[in-house]
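# Examining the three-dimensional arrangement
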Amino acid sequence: MKKRNLIPLLIMLLAGLISSLISIKNRYDVTRSLLVIFVAMLIFYFVGLIARSIVNSNVKQMEEREAERLRQEEEEKRLQEEALLAEAAEKGEGENTETGTRAAGTTGAAEDMQII
């Protein structure tokens, strides 16, 4: 279970603890004390649900940003590799056309360096 799922429970229990300590300090009778604790725990459970949804949406946004950053890095890397392959192909064609050593059935440097 994700730790984020515990947020509403922890907030609710903390509110219950604080309200029970206040009830003891103010010497409330048992029924009033239970009512105060119950209402406080119920209200703060819903506050915890809202807090959890905010945290989950922020985490989701951060994960999406990280995924987008990784996609951009991969795209940049791919473009750099393609530029290197094109440069190597140009060098290979220039050398081969000057000397006339390239055979009809052979492939160029760009085809040899392709990444699968």
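Keep in mind the model is a prediction, meaning the values are calculated, not measured.

This part covers the packing of aromatic side chains. In this structure the tally under the stated criterion is 1 aromatic pair. Of note, Arg32 hangs over the ring of Tyr28, and the distance from its end group to the ring centre comes to 4.1 Å.

Looking now at unusual backbone geometry. Although it is not a glycine, Arg27 sits at a positive phi angle of roughly 55°. By secondary structure assignment, the location of Arg27 is in the loop between helix 1 (7-25) and helix 2 (30-99).

In this model, the protein chain carries an average pLDDT of 85, and 79% of its residues clear a pLDDT of 70 or more. Here helix 3 (residues 109-112) stands out as the least confident element of the protein chain, with mean pLDDT 54; helix 1 is the most confident, with 95.

Right, let's get into the environment of Ile18. By the element assignment, Ile18 lies in helix 1. For the pair Ile18 and Ala40, spaced 22 residues apart in the sequence, the C-alpha separation amounts to 9.2 Å.

A few words now on the pattern of salt bridges. The tally for this structure, following the rule as stated, stands at 6 salt bridges. A salt bridge links Arg78 to Glu82; the shortest N-O distance between them is 2.3 Å. One end of the pair, Arg78, and the other, Glu82, are both in helix 2, 4 residues apart, so they sit about a helical turn from each other. Take Arg78: its relative accessible area is 35%, and that puts it in the partly exposed class. When salt bridges with common partners are traced through the structure, they connect Glu66, Arg69 and Glu73 into a single cluster.

Our focus in this paragraph is the side chain of Ser33. Residue placement: Ser33 occurs in helix 2. Not counting residues up to four positions away in its chain, the partners in contact with Ser33 are Ser23 and Tyr28.

Glancing now at the environment of Ser57. Here Ser57 is to be found in helix 2. Looking at Ser57, its side chain comes within polar contact range of the main-chain oxygen of Ile54, at 2.8 Å.

About the cut-offs
- Residues numbered from 1 in each chain as written.
- Predicted model: local features only at pLDDT ≥ 70, side-chain atom pairs only at ≥ 80, totals over all residues.
- Heavy atoms only, no water.
- Phe/Tyr/Trp six-rings, centres within 6.5 Å; stacked < 30°, edge-to-face > 60°.
- Lys NZ or Arg CZ within 6 Å of the ring centre and 35° of its normal.
- Helix = DSSP H or I, 4+ residues; strand = E, 2+ residues; numbered from the N terminus.
- pLDDT = per-residue confidence, 0-100.
- Salt bridge = Lys/Arg side-chain N within 4 Å of Asp/Glu carboxyl O.
- Buried < 20%, exposed > 50% of the residue type's maximum accessible area, 1.4 Å probe, protein only.
- Contact = heavy atoms within 4.5 Å.
- Polar contact = N/O pair within 3.5 Å; in protein donor to acceptor, adjacent residues only side chain to side chain.

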